[in-house]
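Breakdown of the fold
The primary structure of each chain is shown beneath.
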Amino acid sequence: MINSPPVDQPVIPWLDNGRPREECGVFAIHGNQDAAALSALGLHALQHRGQEAAGIVSFDGHHFHPHRDLGQVGDIFGDPSVIERLKGEAAIGHVRYSTSGDPALRNVQPLYADFHFGGLALAHNGNLTNARTLRQELVSRGALFQSTSDTEVFQHLIATSAGGRLIDRFTDALSQVEGAYSLVALSRRKVIAARDPLGVRPLSLGRLGSSWIVTSESCAFDIIGADFVRDVDPGEVIVIDDNGLESIKPLPKMKQRFCIFEYVYFARPDSLIEDRNVYEVRKRIGAELARESHIAADMVIPVPDSGVPAAIGYAGEVGLPFELGLIRNHYVGRTFIEPRDEIRHLGVKLKHNANREQLMGKRVVMVDDSIVRGTTAKKIVEMVRQAGAKEVHLRISSPPTTQSCFYGIDTPERRELLAAQHDVEGMRALVGADSLAFVSVDGLYKAVCGAARDKASPQFCDACFTDEYPTSLTDLADGTEKSQLSLLAEIGRR
Ligand code: SF4
């Protein structure tokens, strides 16, 4: 029942793949004697949403049992004795991506605290846009924070609520926060799950026999043989206990603004979100990209793995061969903790290698999902060219990323985003491609939902492409420039 000792583990920025990184995935299960083992498997399926840390808290009817650590799920929970210690028929779990320079185990979730009504563990995916404001208010009233995580803001709001029952305190806390959250909680009697009123981050409900499961993506159901039931509705709170499942909607109803970038990159392609198979959506985005910007070429290649479905869709649309012109090494891990300076620049080659025989003398359309800083794109274009490609035409299955995300995705500060500093021709010149094109915002919408963007009331969150944030950014209301505020968002996430 004791947490693991703090272990600071270096992250490896030079292995960064140059894309925005997802912040978290959550998993909760109630009514299963293998709750901890199933949670570990579920977290393993969610590993793409965060590779830096993971944790599970279980409850055995008398005691809570937490285990949290830095590292990947298999490393943390691979030892059967760890799972054996996590006793009980209810558990919640979390995987986390923590930013460079943020080593603290104190921030690894689920966070646990003893309240006067009993223990409560909490884990969430997303980012609150008024966390700093709420934190300052709470501190001024005497609250002592042990972590820099938004999740602890939830804990203090629950602790200080005047509500009587836990669920009243819980919904009182939800009514005070702004931003994006998909949240799971474990008390002595209940598993509680909640999704923000805009439904920015995904959250799904599933069933395994008589057990209920709530998790970030449906791929976590598949690994344990559970059935997908439905998405948790925006603004919905689900309470699961021995009496079954209760759904309440205590927050004002709002139009859903799901993160459209989940479809482009973050979610696993085999997940089902809003009744859409993510893989099929990505193929449709690739086809739309081809209709908007195709150029004469001999073959279509993806930047693997995330560019693969869009490249298949692109190739199918224009009738060109789809080839694996780049081969990805899947075994890049923590082996190279302290690279020598001389080999540091080879980082991108650790992950991708050009398939020279395929590329030699060819005009290549290369499909990737996004350009963030542009450094990876530049290296990959160079690699394909050095392998003998005659022309390299880069096609991107998202619109230019011009803004930072404040809803739980780790994007760099705006000034570091290539598209915030250059037009398409400027970006093309910098990455060294023969041509460069991005799918349009309307094209992306059509591929995802079959309709162009409703300008008056957009169907999704697309703020990183349009600068139209669907919530107030309260923590930015003091006049601080947005370009400086990814730092604040980062502070909020820690
Ligand atoms: Fe998703 Fe972009 Fe909105 Fe962030 S700003 S939630 S990445 S669409």
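What this report covers is the structure whose coordinates are included nearby. Keep in mind that what you see is a predicted model, and the values were worked out from it rather than measured.

Criteria and cut-off values
- Residues numbered from 1 in each chain as written.
- Predicted model: local features only at pLDDT ≥ 70, side-chain atom pairs only at ≥ 80, totals over all residues.
- Heavy atoms only, no water.
- Helix = DSSP H or I, 4+ residues; strand = E, 2+ residues; numbered from the N terminus.
- Buried < 20%, exposed > 50% of the residue type's maximum accessible area, 1.4 Å probe, protein only.
- Contact = heavy atoms within 4.5 Å.
- Areas by Shrake-Rupley, 256 points an atom, 1.4 Å probe, with all protein chains shown as cover.
- Axes fitted to C-alpha atoms, helices over the stretch in contact; angles between N-to-C directions.
- Parallel < 35°, antiparallel > 145°, perpendicular 65-115°, else oblique.
- Left-handed = near helix turned anticlockwise from the far one by under 90°.
- Nonpolar A, V, L, I, M, F, W, Y, C, P; charged D, E, K, R; others polar.
- 1 Å grid on protein atoms, 1.4 Å probe; cavity = no way out; pocket = protein on both sides within 12 Å on 5 of 7 lines; lining within 4 Å.
- Points joined across faces, edges and corners; volume = space filled by probe spheres on them.
- Domains from an automatic or database assignment.
- Pairing = 2+ DSSP bridges.
- Near = heavy atom within 4 Å.
- Sits in = over half its atoms within 2 Å of the grid points.
- Core = buried A, V, L, I, M, F, W, Y, C linked by side-chain atoms within 4.5 Å.
- Salt bridge = Lys/Arg side-chain N within 4 Å of Asp/Glu carboxyl O.

Attention shifts here to the overall build of the protein. Looking only at helices and strands, the protein features 19 helices and 25 strands. With 494 residues in all, the protein has 58% of them scored as buried. In the protein, the proportion of contacts linking residues at least 24 apart, taken out of those at least 6 apart, comes to 70%. When the accessible area of the protein is evaluated, it comes to approximately 19,500 Å², of which 50% is carbon and sulfur surface.

This paragraph deals with the packing of helix H4 (residues 131-140) against helix H5 (residues 150-160). At a closest axis distance of 10 Å, the pairing of H4 and H5 adopts a crossing angle of 45 degrees. Relative to H5, the element H4 lies oblique. Relative to H5, the crossing made by H4 is left-handed. Facing Ala-131, Leu-134, Arg-135 and Leu-138 of H4, the residues of H5 in contact are Asp-150, Val-153, His-156, Leu-157 and Thr-160. Its residues assigned to classes, the contact of H4 with H5 comprises five nonpolar, two polar and two charged.

Okay, empty space enclosed by the protein next. Inspection of the entire model under this criterion finds five cavities of 30 Å³ or more. Roughly 120 Å³ of volume is contained in the largest cavity. Among the elements of the structure, helix H8 (260-266) and helix H18 (463-466) are those that each provide at least two residues to the lining of the largest cavity. Residues of the lining of the largest cavity, tallied by class, amount to 13 nonpolar, three polar and two charged. Viewed by domain, the lining of the largest cavity spans two of them, domain 1 (13-257) and domain 2 (277-449), each represented by three or more residues.

It is worth spelling out the pairing of strand E6 (residues 111-115) at this point. Burial along E6 is one-sided: the residues Leu-111, Ala-113 and Phe-115 are buried and none of Tyr-112 and Asp-114 is. The pairing of E6 with strand E7 (residues 118-128) spans five bridges and is antiparallel. In the sheet register, Tyr-112 faces E7, and the bridge partner there is Ala-121. The hairpin formed by E6 and E7 contains two residues between the paired strands.

You can see Gly-88 is positioned in the loop between helix H3 (80-85) and strand E5 (90-96). Linking Gly-88 and Ala-36, residues 52 residues apart in sequence, is a C-alpha distance of 7.6 Å. In this view, Gly-88 contacts Asn-32, Gln-33, Ala-35, Phe-59 and Asp-60; residues no more than four positions away in its chain are not counted.

Moving on, we get to the site of the ligand. Neighbouring the ligand are Val-200, Arg-201, Cys-259, Ile-260, Phe-261, Cys-405, Tyr-407, Ile-409, Cys-461, Asp-462, Ala-463 and Cys-464. Structurally, the ligand is housed in the largest cavity. Secondary-structure elements contributing two or more residues to the shell around the ligand are H8 and H18. When grouped by side-chain class, the residues that make up the shell around the ligand number ten nonpolar, no polar and two charged.

Once that is clear, we can look at the nonpolar core. In globular proteins that are soluble, nonpolar side chains generally tend to be buried together. Counting 44 residues, the largest nonpolar core has Tyr-263, Ile-285, Val-300, Val-367, Tyr-407, Leu-444 and Val-448 as its most contacted members. When contributions to this core are tallied by element, the ones reaching two or more residues are strand E15 (258-259), H8, helix H9 (278-293), helix H10 (308-318), strand E21 (363-368), helix H17 (441-449), strand E25 (460-461) and H18. Looking at this core, the element that brings in the most residues is H8, giving six residues. If you count residues domain by domain, this core takes at least three from each of domain 1 (13-257) and domain 2 (277-449). Those residues in contact with Tyr-263 that lie beyond four places of it in its chain are Phe-258, Ile-273, Glu-274, Arg-276, Val-278, Val-281, Arg-282, Val-448 and Phe-460.

Bringing the pattern of salt bridges into the picture now. Applying the stated criterion to the full structure yields 20 salt bridges. Ionic pairing is found between Lys-249 and Asp-233, a salt bridge with its closest N-O pair at 2.7 Å. You can see Lys-249 sitting in the loop between strand E14 (244-248) and E15 and its partner Asp-233 sitting in the loop between strand E12 (227-231) and strand E13 (237-241), a full 16 residues away along the chain. Owing to a relative accessible area of 30%, Asp-233 belongs among the partly exposed residues under this scheme. The salt bridge involving Glu-280 is made with Lys-283; its shortest N-O contact spans 3.7 Å. Placement of the pair is Glu-280 and Lys-283 together in helix H9, with a separation of three residues, close to one helical turn. Linked by salt bridges that have partners in common, Arg-49, Arg-201, Glu-217 and Glu-262 make up one network.

Where strands meet in a sheet, backbone hydrogen bonds hold them as pairs that are either parallel or antiparallel. An order of E6-E7-E8-E9-E13-E14 is seen for the six strands of this open sheet, with the pairing classed as antiparallel. Looking at strand neighbours, the two that pair on one side only are E6 and E14, the edges of this open sheet. Geometrically, the sheet is characterised by an average inter-axis angle of 20 degrees between neighbouring strands, direction not taken into account. Of the pairings in the sheet, the one linking strand E9 (residues 191-195) to E13 comprises four bridges and is antiparallel in character. Paired with Ile-192 across the strands is Val-239, a residue of E13. Across the sheet, H5 is in contact with E6, E7 and strand E8 (179-187); its angle to E7 comes to roughly 135 degrees.

Taken N-terminus to C-terminus, the directions of H9 and H17 make an angle of 145 degrees; their axes are 8 Å apart at the nearest point. Considering how the two elements wind past one another, H9 and H17 form a crossing that is right-handed. Taking contact as the criterion, the partners of Val-281, Arg-284, Ile-285, Glu-288 and Glu-292 in H9 are, on H17, Gly-443, Leu-444, Lys-446, Ala-447 and Val-448. Taken together, the residues of the contact of H9 with H17 sort by class into five nonpolar, one polar and four charged.

Before going further, it helps to examine unusual backbone geometry. For the peptide bond that leads from Gln-109 to Pro-110, omega is 0 degrees, which places it in the cis range. Turning to its location among the elements, Pro-110 is positioned in the loop between E5 and E6. Omega for the peptide link from Pro-304 to Asp-305 comes to -5 degrees, which places this bond in the cis form. Among the secondary structure elements, Asp-305 is positioned in the loop between strand E18 (299-302) and H10. Even without a glycine there, the phi angle at Glu-274 is positive, about 50 degrees. Its location among the elements puts Glu-274 in the loop between strand E16 (272-273) and strand E17 (276-277). Despite not being glycine, Asp-275 shows a phi value in the positive range, around 65 degrees. Within the secondary structure layout, Asp-275 lies in the loop between E16 and E17.

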